[in-house]
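# Fold and contact review
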Amino acid sequence: MKYIFLTGGVVSSLGKGLTAASLGTLLEARGLKVALQKFDPYLNVDPGTMSPFQHGEVYVLDDGAETDLDLGHYERFTHSELTQFNNLTSGRVYLTVLEKERRGDYLGKTVQVIPHVTDEIKKRVTELGEQSGADVVITEIGGTTGDIEGLPFLEAIREFALECGRDNAIFVHVTYVPYIKAAGELKTKPTQQSVAKLREIGIAPDILICRTEKPIDDEMRKKISLFCNVPLAGVIEEIDVDHSIYEVPLMLQREKMDELVCQELGLETSPADMSDWEEVIKRIIQPKYKVRIGVIGKYIDLQDAYKSVYEAVTHAGGANDCAVEVVRVDSEDIERDGAVAHLRELSGVLVPGGFGERGIEGKILAAQYARENNVPYLGLCLGMQIACIEFARHALGLEGAHSAEFAPKTPHPIIALLDEQQNVTEMGGTMRLGAQACRLKSGSKAAELYAVEEITERHRHRYEFNNVYREKFEAKDFVFSGTSPNGNLVELVELKGHPYYMATQAHPEFKSKPVQAHPLFAGFIKAALHLADGK
Ligand code: GLN
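Residues numbered from 1 in each chain as written. Predicted model: local features only at pLDDT ≥ 70, side-chain atom pairs only at ≥ 80, totals over all residues. Heavy atoms only, no water.

### Quick notes on the overall build of the chain
Counting its regular elements, the chain contains 19 helices and 23 strands. Taking 2.2 N^0.38 as the reference for a compact globule, 535 residues should give roughly 24 Å; the C-alpha atoms of the chain span a radius of gyration of 25 Å, in line with that estimate. Within the span of the chain, comprising 535 residues, buried residues form 58% of the whole. A fraction of 74% describes how many contacts in the chain between residues 6 or more apart in sequence connect residues 24 or more apart. Considering the chain, the positive charge centre built from 58 side chains and the negative charge centre built from 79 side chains are found 2 Å apart. (Helix = DSSP H or I, 4+ residues; strand = E, 2+ residues; numbered from the N terminus. Rg over C-alpha atoms; globule rule 2.2 N^0.38 Å. Buried < 20%, exposed > 50% of the residue type's maximum accessible area, 1.4 Å probe, protein only. Contact = heavy atoms within 4.5 Å. Lys, Arg positive; Asp, Glu negative; His and termini not counted. Charge placed at Lys NZ, Arg CZ, Asp CG, Glu CD.)

Have a look at this one:
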C-alpha cells in the first residue's frame, strides 16, 4: 500500500482538493486503484451544521455523510467510493477519543494529543487503505501549514510515513507563488517559509505544487528547488486554468507529476491514458452552442455555496456541445424588481436547495415565471418544494399555500414535516440523508430521461410534499413522476404540456460527473438550448 499526503501552504483556497482529485484521475488513468480522503482540522464533528458562508456547500454521500465539498471533486474526478470514513474532522477525532476515555478504554492513562489523538488519525489512514483495497491512498489535510489546529494531523502523518517506510509514502505540498505587479516578478519567499514551517514539524516535502498566475521559468524553479530542498523535477507548476477545472489533470500530466509520483513510490505502470478525459475537455471548452440560464438562490455571491450545481450544469453543457453561462440571480432581487426584470434574457431557470425563509418569495416568483412562460425549469430539493407551493397558489388557487418550514400556521401546508422528523431536536446528521430509492412513473419525462424504472439519488431534507394535496394537483396536469418505492414520498414532479418543468426532492447534482452528465441536468440544458435556438 502506498500513501500520498497532501498539505497546503501560504494561503487557503489554492485548490488543494482539486489537485488531490486530479492526481487521483492521473493515477487511475495509469490503471491504479486510488482511495481519497480529507482531514479537516476544525472542531465541528462534520460540516453538516455549518453555514454556506463559512464552508461552501455541504456535499452529501450515498451513505448520508455530510462532508466537505472537496469530496465532490474526488467523486467527479475519480471512481473512488466515498463514505463517511473519507472525511475526518478534528471534532470527530476528539469526540471518539473522549468517548473512549469516558468508557475507560485508556485504562487510567493520561489522555494526550500525542499519542492518543494522533493514533486515532493514523488509524483512519490505515483503515481506509485496508477497506478500499486501493493501490494508493491520497490523504488531503485541510487548512494551511502553520495553523495551530492542523498540528496533530501533521504530526500524525509524519509518524505514519516513518512507520510505513519512506519508500511507501510521499509528501506533496501545495503552495502559492504570488506575482507582484509593481515588481513585475513572481516571489518565492512565501513558499520558502511555508516549507520551512513544515520541516520544523519534521515533514520534508517530496513534491511542491506551485500555484501561480504566471509561468514559472527555469531560474525560478531552480531557486525554489534549492531553497526548499526539493529535487528540481519535484517543482511542479500549476498555473491558473483558462477555461475549466477539468484541465488540471492534463496540466499536471504535462508537468510529469504522475510519472514522478510513481517513480518515488516505486509503482510500475503504463503511462496515463487520458484520451476520454481529453474528449470531455474538448466538449466543455470548445462547444458549438451557447446558452444562458439563471440559478436563483440566496447565497449567490458565494463561489462555493452551489458548487456541485454549477459543476453539474457544466457537465450537462458538455453533453449538449454547449457552453452554459450561469447568471446568478439573488432571489431577494426578484422580490424587489419582479421576475421579468431578472429572468427575461434567460433560457432556463434553476432553483437549487436551501434552508430558511429569506428569499423564498423570490424563488416562488421565478418558478411562476418559468411555468407561465414555458421557460425550462429545474428544481432541486427546496426547488421542488417551491414549484409545488407556486402551483398550489397560482394554478390551484390555494391562497396562502406554503411550506410548514416557513409558515407553520399556513392554511395549506403543501410541504410538511416528514413523519420521521416530528420529534427531532438535534440539528447535526438528523435529516433524511443519503441515497434513497425512487420508482419512476412510466411514460413520464423523468422515466424517459433516466431510461430506467428505479433510481437512487442523494437526499438532505426534513420536509416533503403533503399527500393530502396529490389529487388536486393531478387534476391539473401536475405529474408526480417519481415516488419512494412504497408510493408514500414524492420524489419527482413535472408538468404535462410544458417544454421542461422538472423538480426533484433529491440532490441529483451530487451524482453528475464530467464524463457522465446527469440526465435531469442534460435534459434541462437541452430544453434551454431549444428555447434559445427558437428565439
Ligand atoms: N429546507 C427544505 C427541507 O428541509 C429543503 C432542503 C434542501 O433544499 N436541501 O426539506
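Having seen it, we continue.
### Quick word on the packing of aromatic side chains
Each aromatic ring pair is specified by the distance between its two centres and by the angle formed by the two planes. One pass over the structure, following the stated rule, counts 18 aromatic pairs. The interplanar angle of 35° and the centroid separation of 5.4 Å between the aromatic rings of Phe39 and Phe153 together place this pair among those described as tilted. Of the two residues, Phe39 sits in strand E2 (residues 34–40) while Phe153 sits in helix H6 (residues 151–164), which places them 114 residues apart along the sequence. Phe153 carries the same exposure label as Phe39, and that label is buried. Here the aromatic cluster, defined as three or more aromatic residues joined through ring pairs, consists of Phe391, Phe465, Phe473, Phe478 and Phe480. Between the NZ or CZ atom of Arg470 and the centre of the ring of Phe480, over which it lies, the distance is 5.7 Å. (Phe/Tyr/Trp six-rings, centres within 6.5 Å; stacked < 30°, edge-to-face > 60°. Lys NZ or Arg CZ within 6 Å of the ring centre and 35° of its normal.)

### A word on the site of the ligand
Neighbouring residues of the ligand: Gly353, Gly354, Phe355, Cys381, Leu382, Gln385, Glu405, Arg460, His461, Arg462, Tyr463 and His507. Here an oxygen atom of the ligand sits 3.0 Å away from a polar atom, N or O, in the side chain of Gln385. When the ligand sits alone it has 300 Å² of accessible area, and the protein chains cover 99% of it. Looking at the shell around the ligand, the elements with two or more residues in it are helix H16 (382–394) and strand E19 (454–461). (Near = heavy atom within 4 Å. Polar contact = N/O pair within 3.5 Å; in protein donor to acceptor, adjacent residues only side chain to side chain. Areas by Shrake-Rupley, 256 points an atom, 1.4 Å probe, with all protein chains shown as cover.)

### Some points on the sheet that holds strand E22 (residues 490–495)
Spatial ordering of the open sheet is given by E13-E12-E14-E15-E23-E22-E21-E18-E19, a layout of nine strands whose pairing is mixed. For this open sheet the edge positions go to strand E13 (322–330) and E19, each flanked by a neighbour on one side alone. Each neighbouring strand pair of the sheet contributes to a mean axis angle of 25°, computed without reference to strand direction. Looking at chain direction, strand E15 (residues 377–380) and strand E23 (residues 501–504) are connected through four bridges and run parallel. Across the sheet, the residue bridging to Leu380 is Thr504, located in E23. On top of the sheet, H16 reaches strand E14 (349–351), E15, E19, strand E21 (478–483), E22 and E23; it is set at about 120° to E15, its chief contact. (Pairing = 2+ DSSP bridges. Axes fitted to C-alpha atoms, helices over the stretch in contact; angles between N-to-C directions.)

### Points about the packing of helix H5 (residues 113–132) against H6
Running from amino to carboxyl end, H5 crosses H6 at an angle of 65°, the nearest separation of the two axes being 9 Å. Crossing of H5 against H6: the hand is right-handed. Residue-level contacts link Val113, Ile114, Val117, Thr118, Ile121, Lys122, Val125 and Thr126 of H5 to Pro152, Phe153, Glu155, Ala156, Glu159, Phe160 and Glu163 of H6. (Left-handed = near helix turned anticlockwise from the far one by under 90°.)

### Quick look at the pairing of strand E7 (residues 169–176)
Among the eight residues of E7, seven are classified as buried, and the element is accordingly described as predominantly covered. Where strand E1 (residues 2–8) meets E7, six bridges bridge the pair, whose relative direction is parallel. Following the sheet pairing, Leu6 is matched in E7 by Val172. In terms of strand pairing, E7 meets strand E10 (residues 207–212) through five bridges, oriented parallel.

### A few points about unusual backbone geometry
Residue Pro115 is bonded to the preceding Ile114 through a cis peptide linkage, with omega at 10°. Note that Pro115 resides in helix H5. Positioned with a positive phi, Val10 is a non-glycine residue whose angle comes to about 75°. Tracing the backbone shows Val10 in the loop between E1 and helix H1 (16–29). For Val10, a relative accessible area of 31% gives the class partly exposed. Notably, Leu107 is not glycine yet its phi reads approximately 50°, a positive angle. By secondary structure assignment, the location of Leu107 is in the loop between helix H4 (90–103) and H5. Take Leu107: its relative accessible area is 73%, and that puts it in the exposed class.

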